[in-house]
Amino acid sequence: MNENVTSISGVPTWTLVLIKRLLEISGKKYLCEIWPHLELYIHGGVSFVPYREQFLKLIGKDINYLEMYNASEGFFAAQVRPNDEGMILFTGHGIFYEFMPVEEYGKKFPDTVGLAKWR
């Protein structure tokens with residue numbers, strides 16, 4: 001708690017638990033009073049939309065937010081700029097990608113396209 005924290009990352013639900021506990025222990029109203037140099041929160045795992053307002057209220061100042069799309073299988077994509085929606089797909093991290101047109105969904109043997117053919 002007494003470190004110069006400038007960025008944090010995690011699943012929003014658990015990060016909220018952490019922030020609330022820090023506020024409880026410190027007696028502060030806002031996280032920016034504990035970590036005044038906090039400027040970035042990297043999140044993933046669930047949609048951030050329902051949590052954004054809670055974070056703003058608990059942090060007490062505007063910071064940057066970046067979304068990651070990760071899973072136990074690997075990191076797949078990340079938001080490039082804080083104010084841009086969408087993420088860029090990580091294509092050089094050793095992950096096999098295969099795409100299927102929507103109209104192929106549900107077929108026993110759907111036509112798919114690997115990333116090598118996509119390019």
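For the structure, check the block above.
Residues numbered from 1 in each chain as written. Predicted model: local features only at pLDDT ≥ 70, side-chain atom pairs only at ≥ 80, totals over all residues. Heavy atoms only, no water.

**Some remarks on the environment of Met1**
No. 1: Among the secondary structure elements, Met1 is positioned in the segment before strand E1 (7-10).
No. 2: Beyond its immediate stretch of four places on either side in the chain, Met1 contacts Leu22, Ile25, Ser26, Ile34 and Trp35. (Helix = DSSP H or I, 4+ residues; strand = E, 2+ residues; numbered from the N terminus. Contact = heavy atoms within 4.5 Å.)

**Some points on the nonpolar core**
No. 1: Among the nonpolar cores identified, the biggest contains 18 residues, and Leu31, Trp35, Leu38, Tyr41, Phe55, Ile59 and Tyr65 are the most heavily contacted of them.
No. 2: A per-element tally of this core places helix H1 (residues 12-26) first, with four residues.
No. 3: Not counting the four nearest positions on each side in its chain, Phe55 is found in contact with Pro12, Thr15, Leu16, Ile19, Tyr41, Phe48 and Tyr65. (Core = buried A, V, L, I, M, F, W, Y, C linked by side-chain atoms within 4.5 Å. Buried < 20%, exposed > 50% of the residue type's maximum accessible area, 1.4 Å probe, protein only.)

**A word on the pattern of salt bridges**
No. 1: This structure, assessed with the given rule, holds three salt bridges.
No. 2: With its nearest N and O atoms 2.9 Å apart, the salt bridge here joins Asp84 to Arg81.
No. 3: The partner of Glu104 in a salt bridge is Lys107, with the nearest N and O atoms 2.9 Å apart.
No. 4: A residue is classified by how much of its surface remains accessible, and Glu104, at 10% relative accessible area, is buried.
No. 5: In this structure Lys107 comes out as partly exposed when scored by relative accessible area, which is 44%. (Salt bridge = Lys/Arg side-chain N within 4 Å of Asp/Glu carboxyl O.)

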